[in-house]
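# Survey of secondary and tertiary structure
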Amino acid sequence: MTGETCAQAVRRLRLFRASQLLLQKDCSVEKIAAQVGYPNVKSFSRAFQDFFGMTPNAFRKKGWPGQKLELKIRGNYSMFDVQIRALPSQRLATIAHKGPYTGIGQSFEKLFGFANSPDLQSAIGGIAGVYFDDPSQVAEADLTSAAGFIVSDDAKLPAGLEETVLQAGDHAVLTYKGPYEETQVAYDHLFGHWLPNSKREPDDAPCFERYLNNPADTKPEDLLTEICLPLK
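The following paragraphs examine the structure supplied in this document. One numbering rule holds for all chains: residues counted from 1, following each sequence as written. Residue-level local features of this predicted model are given only where pLDDT is at least 70; pairs of side-chain atoms are given and counted only at 80 or more, and the full residue set underlies all totals for whole chains, interfaces and linings. The side-chain numbers reported here are obtained from all heavy atoms of the structure, hydrogens and water having been left aside.

The next thing to look at is unusual backbone geometry. Unusually for a residue other than glycine, Lys199 sits at a positive phi of about 65°. Take Lys199: it is sitting in the loop between α6 (184–198) and β7 (207–211). Comment: elements are numbered from the N terminus, with helices defined as DSSP H or I runs of at least four residues and strands as E runs of at least two.

Below, the structure is given as structure tokens:
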């Protein structure tokens, strides 16, 4: 819950694609910004410099000759099994979070207070975190996410919880085992290796994480997280 979110990983993927286009030198910076989803050159240049430590034009001029461009990752590069699954629509009972995604744990704490609600006791089928915004497009203070219980379609939601529906369709699903704060290595593989080689494109829908065991009674190294990326 405190690792890199899907939205943050999508941002890195966009910048990685932009760096490849810049090295091709046959497209203007303005067109590249638009191709990778930035509304203007200014926001693109700021995000690019934050990530690569230089402006797009400086990167294009300097280049990385003789090197294959790879995404930055922490520690050693790791390989993970990624499955494409056709997931059904899922209904969530959620508590919204606004602000840095790393603070969503506060919303999960509030959510768990509803676990023994008579309306939900027999309806909860799992726990998920949903991340709606792209940090490259939305200010950190305005980012929106949600902590939620996966519930049955007929469950009555107690006052204080909102309904969030995750769309049905193909998803890339990576199961990560380890501490929540170290999930970035899994995102590095999913977005930096698997997605560019999959011939698939991310859909315009929020990514989400499903938490398969309980951190209260599970060692950090044994925690299981499914990272689910909607695909077109």
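On we go from here.
This part takes up the sheet that holds strand β4 (residues 144–151). Only strands joined by at least two bridges in the DSSP assignment are considered to pair. Pairing in this open sheet of eight strands is antiparallel, and the strands run β1-β6-β8-β7-β3-β4-β2-β5 from one edge to the other. Unpaired on one side and paired on the other, β1 (82–87) and β5 (162–166) mark the two borders of the sheet. Sheet twist, expressed as the average angle between the axes of neighbouring strands with direction ignored, equals 35°. Where β1 and strand β6 (residues 169–177) come together, six bridges link them in antiparallel fashion. The partner of Ile84 across the bridge, within β6, is Ala172. Together, β2 (90–98), β3 (124–131), β4 and β7 form the strand contacts of helix α5 (residues 105–112), whose direction differs from that of β4 by roughly 30°. To get an axis, fit a line to the C-alpha atoms, keeping to the stretch in contact for a helix; angles then go from 0 to 180 degrees between the N-to-C directions. Contact between two residues is taken to exist if any of their heavy atoms lie within 4.5 Å; hydrogens are not considered.

Looking now at the packing of aromatic side chains. Pairing of aromatic rings covers Phe, Tyr and Trp, the last counted by its six-membered ring, and requires centre-to-centre distances within 6.5 Å; plane angles under 30 degrees mean stacked, over 60 mean edge-to-face, and any other angle means tilted. The final tally for this structure, using the stated rule, is 12 aromatic pairs. Taking 5.2 Å as the distance between ring centres and 55° as the angle between the ring planes, the aromatic pair formed by Phe52 and Phe59 counts as tilted. Assigned by exposure class, Phe52 and Phe59 land together as buried. Ring-pair connections join several aromatic residues into one group, and the members of that group are Tyr38, Phe44, Phe48, Phe51, Phe52 and Phe59. Each residue is placed in one exposure class: buried if its accessible area under a 1.4 Å probe, protein chains only, is under 20% of its type's maximum, exposed if it is over 50%, and partly exposed if it falls in between.

When a carboxyl oxygen of Asp or Glu is within 4 Å of a side-chain nitrogen of Lys or Arg, the pair counts as a salt bridge. Inspection of every chain in the model, using the stated rule, returns six salt bridges. For Asp142, the salt bridge goes to Lys98, with nearest N and O atoms at 3.9 Å. Within this pair, whereas Asp142 is found in the loop between β3 and β4, its partner Lys98 is found in strand β2, the two being separated by 44 residues in sequence. Under the relative-accessibility criterion, Lys98 is labelled exposed at 58%. Note that Glu226 and Arg210 form a salt bridge whose closest N and O atoms lie 2.7 Å from each other. Highlighted residues: Glu226 in strand β8 (residues 224–230) and Arg210 in strand β7, separated in sequence by 16 residues. Neither residue differs from the other here; Glu226 and Arg210 are each classed as buried.

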